[in-house]
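One-letter residues, chain by chain:
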Amino acid sequence: MKRYLAFLWDCFRLSFVGDWRYHLWMAILTAVALGGVYAYCHQLVHGLVTTGMTDQVSWGLYIANFTYLVGLAAAAAMLVIPVYVYRNLHLHDVVIFGELLAVAVIVMCLLFVTVDLGRPDRFLHLLLRFNFPISMLTWDVIALNGYLLLNLHICGYLIYCAYCGRTPVKSFYIPFVFVAIAWAISIHTVTAFLYVGLGGRPFWNSAIIAPRFLASAFAAGPAFIILTLQIVRHYTRHRVADDALLTLRRIVQVAMIINLFLLACEVFTEFYADTRHLASAHYLYLGLHGRNALVPWIWVAIGMNLVATALLMLPASRSLRTLNTACLLAIVGIWIEKGMGLIIPAFVPTPLGEVVEYLPTMHETLICLGIWAFGLLVYTILVRVSVPVLAGELTHARRWGSPAPGAVPAPRSVPSS
Amino acid sequence: MADASRQPVAPGTPPNPPDMSRRGFLAKGGVAVAGLSALAAAFSPLRHLAPEDLPSLEDFLQKHYKEMTPADKDRALARIRGQVRRRHRVEVRVTDPPPLDGVEFVYGLNISRCIGCRRCVHACVQENNLSRSPEIQYIRVLEMEKGSIDVESSDHHYASAQVPRPDKWYMPVQCHQCANPPCVKVCPVEATWQEPDGLVVIDYDWCIGCRYCEAACPYWARRFNFAEPQLPEGSINPNVSYLSNRPRPKGVMEKCTFCLHRTRVGRLPACLEVCPTGSRKFGNVLDPNSEVHYILKHKRVYVLKEDVGTLPRFFYYFDERGSRYAEPPGPARPQEAS
């Protein structure tokens, strides 16, 4: 127990240690996150009227970001499957970054759902009368929190073992790894079912939503990991093999192609059949009754996804700079498509045929930025702490091991970036 | 696990003396002060929180409606009376009329007769203490194109003063009190449910405001309190009930309940009473002598969005004779309406 507390204390100390770039990055993130807190306090006082949401478009940027981030959390599964199922050992050293990402991203998901609630003070009602298994939202509560716990356990155990300098006991984490793989797929499926199950919203009421979720998640997640690994290997002494990045590139490649294929299937079904169900898709891609706020967004997103896919297919993306560009395009493209492009059109037109557009307000945007900043802050700390620990540079034996009276704790002795 | 007697040490490096210099102290203090003031600034909007906005311990401990004992219910009704008195300076009578045995309410709307005057909309606002700002209305009247029953070609914002227009017909939509309600299914906390008499109700003190039910409703019948509802002084209907028209707090859902505080004690819904054309019919479908029973049995009935399978208790019907459309179309009659 004492050793575990020492571990937490060392991690805490370590998260404050770094060069000026690290401090600047953390200061900026903290400032943006506090901006979000400020806007959220406003929302608490005045109600959700501070957002651009209305009775017509009753979910907006919060739920859009939530949906996208649930996808990003899949990154972990896409790293874990090659390593533990197919024994692709290139990725072994980087799996932990995927799981840490899952932790940070699920925290963001939970925050996005919380800020969307009209009465966060009644949060306890969820425990007192949990409408399980009827409401899909309760499934999502279980799926997301379970995934958070699984990943916290796996990462926490591996890092703590490294800190103690002992070999992890397989039976303590391998079963959880396999459960987490199935769980990662379930968080997407359940989140998709949240929308798919609504018969009154034809734009969502389609079986292709869940597969599209998975495809886009398996593209955006590993793309995000590629960028993270590039940063890790540039700024720390942690070694990341090129082969690991190229394996991830192949995953993103395949996922992007499947994603585009499913998109084409959906667009064809809607537009060729040309039934009354087309209205929402028409609004998204071409505008409806002269309202077209989302049209430029979705075409930019489709353009980004096409360019990203093309880049990934070319041999040029073996060069890491091109790969970075492709990943960035895929991340942003999918963010627009899976976020705004999936949530907002389902509300336009309303079930009674009214066309009301949605425009996020400043407060709403600040809250979203704040949550993103907080998520990045959490992820930065997790990566910052785990790199030296996993490299064996910070262990319990080194820090507290040999008795030498009069010494003071000196985390600075840990070689930092 | 670790030996407590051991002292922490960083082997191989000389221990860093703590930075006790004046400069280091000032720098650290500066950072701490800046951080704390930024934190305080971030939380500063909370100072506008009115004390009555904060949930009291009573609010916090109140049980779900279905779990309340009669004594709990009395306490809740008394608390609501006190809250309305404090907030609106009005004495209200808060009741909780139970569903009646052998009763299932249904509502029929004659689209051959409705002239789209929106009197029902305004009567509902008044009866149910709906927020005037931001404006909330349970009933939405659609002005439909003749020759089409497609809601997408309807006009929601036509001018009431010019109705009825000869080339249009009118379709008021409100909660359909579905027998297979999608809104009830999705609620994560069971804050909304179907009563034995068929009414779908909301416990405003239990709703967490996730708006999933609003997304699920195919009739766009649910409304959310995006801000604290504003009721003008002196306009409050003092006859209120727990599950229907008591003033709502911000951040929760609300909807039409067929005026259950009236209908469960033998009165008719406010929207029906005010209708100048007699287009609205309400009653107990289980009673074979009721008007609604007769209409369902003998008239041509249309169910809006029957394909979504919600089995509504609200339906539309047509007259074979006596329709306003039987008259030869002429210029719009000068009918003054609100």
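Residues numbered from 1 in each chain as written. Chains lettered and ligands numbered in written order. Predicted model: local features only at pLDDT ≥ 70, side-chain atom pairs only at ≥ 80, totals over all residues.

Student: An account of the overall build of chain A is requested, with residue identities and associated values reported.
Tutor: In terms of helices and strands, chain A carries 16 helices and zero strands. A compact globule built from 417 residues should have a C-alpha radius of gyration of about 22 Å, and chain A, at 22 Å, falls within 12% of that. Structurally, chain A occupies a C-alpha span of about 80 × 55 × 40 Å along its principal axes. Of the contacts made within chain A by residues no fewer than 6 positions apart, 79% connect residues no fewer than 24 positions apart. (Helix = DSSP H or I, 4+ residues; strand = E, 2+ residues; numbered from the N terminus. Rg over C-alpha atoms; globule rule 2.2 N^0.38 Å. Contact = placed C-beta atoms within 7 Å.)

Student: Just give me the short version of the overall build of chain B, but keep the residues and values in it.
Tutor: The secondary structure content of chain B amounts to nine helices and 12 strands. Counting over 338 residues, chain B shows a buried share of 42%. Sequence separation of 24 or more characterises 67% of the internal contacts of chain B that already satisfy a separation of 6 or more. (Buried ≥ 20, exposed ≤ 12 C-beta atoms within 10 Å, placed from the backbone.)

Student: Describe in detail unusual backbone geometry, supporting the description with residues and values.
Tutor: Residue and element names in this part refer to chain A. Between Phe 132 and the following residue, Pro 133, the backbone shows a cis peptide bond with an omega angle of 5°. Relative to the elements of secondary structure, Pro 133 occurs in the loop between helix H6 (125-128) and helix H7 (136-164). Of note, the amide linkage connecting Val 348 to Pro 349 takes the cis form, showing an omega dihedral of -5°. A positive phi angle, near 55°, is found at Asp 274, a position not held by glycine.

Student: Could you give an account of the confidence of the model for chain A, naming the residues involved and the relevant values?
Tutor: Residue and element names in this part refer to chain A. Chain-level statistics for chain A give a pLDDT mean of 90 and a share of 96% at 70 or above. The weakest mean pLDDT in chain A belongs to helix H4 (residues 75-85) at 78; the strongest belongs to helix H12 (residues 295-313) at 96. Note that pLDDT drops below 50 for residues 403-417; the model gives that stretch 39 contacts with residues more than four away or on any other chain. (pLDDT = per-residue confidence, 0-100.)

Student: An account of the packing of helix H10 (residues 242-273) of chain A against helix H13 (residues 320-338) of chain A is needed here, citing residue identities and associated values.
Tutor: All names here are of chain A. Relative orientation of the contacting elements H10 and H13 amounts to 40°, with a least axis distance of 12 Å. Comparing the axis directions of H10 and H13 gives the class oblique. Seen from above, H10 lies across H13 with left-handed handedness. Taken together, the residues of H13 that come into contact with H10 (itself represented by Leu 245, Arg 249, Val 252 and Met 256) are Leu 320, Leu 323, Cys 327 and Ala 330. Within the contact of H10 with H13, the residues separate by chemical class into seven nonpolar, no polar and one charged. (Axes fitted to C-alpha atoms, helices over the stretch in contact; angles between N-to-C directions. Parallel < 35°, antiparallel > 145°, perpendicular 65-115°, else oblique. Left-handed = near helix turned anticlockwise from the far one by under 90°. Nonpolar A, V, L, I, M, F, W, Y, C, P; charged D, E, K, R; others polar.)

Student: I'd love a proper account of the pairing of strand E12 (residues 314-318) of chain B, names of residues and values included.
Tutor: Residues and elements named next belong to chain B. With four of five residues buried, E12 lies mostly within the body of the structure. Sheet topology note: the strand E2 (residues 105-110)/E12 ladder contains four bridges and is parallel. In the sheet register, Asn 110 faces E12, and the bridge partner there is Tyr 317. Sheet topology note: the strand E11 (residues 300-302)/E12 ladder contains three bridges and is antiparallel. Opposite Arg 300, over in E12, you have Phe 318 as the bridge partner. (Pairing = 2+ DSSP bridges.)

Student: Describe in detail the nonpolar core, supporting the description with residues and values.
Tutor: All names here are of chain A. In terms of nonpolar packing, the biggest core is built from 214 residues, with Ala 73, Ala 75, Leu 101 and Ala 330 touching the most fellow members. Here this core gets 15 residues from one element, more than from any other, and that element is helix H5 (residues 95-116). The residues contacting Ala 330, other than those within four sequence positions of it, are Ala 219, Ala 220, Ala 223, Val 252, Met 256, Asn 305 and Ala 308. (Core = buried A, V, L, I, M, F, W, Y, C linked by C-beta atoms within 7 Å.)

Student: Pulling in residues and values, what's your account of H4 of chain A?
Tutor: Residues and elements named next belong to chain A. Extensive coverage of H4 is indicated by the burial of nine of its 11 residues. Those residues of H4 lying buried are Ala 75, Ala 76, Ala 77, Met 78, Leu 79, Val 80, Ile 81, Pro 82 and Val 83. Along its buried surface, H4 packs onto helix H3 (61-72), H5, H7, helix H8 (170-196), helix H9 (209-235) and H10. In the stretch just after H4, Arg 87 is the one whose phi turns positive, near 55°.

Student: Please give an account of the environment of Ala 159 of chain B that cites residues and values.
Tutor: Note that Ala 159 of chain B resides in the loop between strand E3 (140-145) and strand E4 (168-173). When the C-alpha atoms of Ala 159 of chain B and Cys 207 of chain B are compared, they prove to be 35 Å apart, with 48 residues separating the residues in sequence.

Student: If you had to explain the environment of Trp 400 of chain A to someone new, which residues and values would you point to?
Tutor: Locating Trp 400 of chain A in the fold gives a position in helix H16 (residues 396-401). On a C-alpha basis, the gap between Trp 400 of chain A and Ser 280 of chain A in space is 62 Å, while along the polypeptide they are 120 residues apart.

Student: Summarise the interface of chain A and chain B; cite the residues concerned and give the values.
Tutor: Taken together, the contact between chain A and chain B spans 59 residues of the former and 64 residues of the latter. Elements that contribute at least two residues to the side of chain A that touches chain B include exactly helix H1 (2-14), helix H2 (20-46), H6, H7 and H16 of chain A. When residues in the side of chain A that touches chain B are grouped by element, the largest group, eight residues, is from H2 of chain A. Residues belonging to the side of chain A that touches chain B are distributed by class as follows: 30 nonpolar, 15 polar and 14 charged.

Student: How would you summarise the sheet that holds E2 of chain B if you had to cite specific residues and measurements?
Tutor: Residues and elements named next belong to chain B. In spatial order, the strands read E10-E2-E12-E11; together these four strands make up an open sheet with mixed pairing. One side of each edge strand has no neighbouring strand; the edge strands of this open sheet are strand E10 (280-284) and E11. Within this sheet the neighbouring strands show an average axis-to-axis angle of 30°, counted without direction. Taken strand by strand, helix H9 (residues 291-298) contacts E2, E10, E11 and E12, and its axis lies near 110° from that of E10.

Student: Break down the environment of Leu 54 of chain B for me, with residues and values.
Tutor: All names here are of chain B. Secondary-structure assignment places Leu 54 in the loop between helix H1 (22-43) and helix H2 (57-61). The exposure class of Leu 54 is exposed, given the 10 C-beta atoms found within 10 Å. C-alpha separation for the pair Leu 54 and Ser 131, spaced 77 residues apart in sequence, amounts to 20 Å.

Student: Could you give an account of the packing of H12 of chain A against H13 of chain A, naming the residues involved and the relevant values?
Tutor: All names here are of chain A. At their nearest, the axes of H12 and H13 sit 8 Å apart, and the two run at 150° to each other. When the interaxial angle is binned, H12 and H13 end up roughly antiparallel. The two elements H12 and H13 cross, and the hand of that crossing is left-handed. From H12, Trp 297, Ile 298, Val 300, Ala 301, Met 304, Asn 305, Val 307, Ala 308, Leu 311 and Leu 312 reach across to H13, where they touch Thr 322, Thr 325, Ala 326, Leu 329, Ala 330, Val 332, Gly 333, Ile 334, Ile 336 and Glu 337. Looking at the contact of H12 with H13 residue by residue, the classes come out as 15 nonpolar, four polar and one charged.

Student: Requested: an account of H9 of chain A, with residues and values cited.
Tutor: The terminal C-alpha atoms of H9 of chain A lie 39 Å apart, and with 27 residues this matches the ideal 39 Å at 1.5 Å per residue to within 8%. Within H9 of chain A, 19 of the 27 residues are buried, which leaves the element mostly enclosed by the surrounding structure. (Expected span 1.5 Å × (residues − 1).)

Student: Now, about the confidence of the model for chain B: what can you tell me, with residues and values included?
Tutor: Scored by pLDDT, chain B comes out at a mean of 89, with 89% of its residues at no less than 70. Contacts from residues 1-15 of chain B, a stretch scored under 50 in pLDDT, to residues over four places away or in other chains number 33 contacts.

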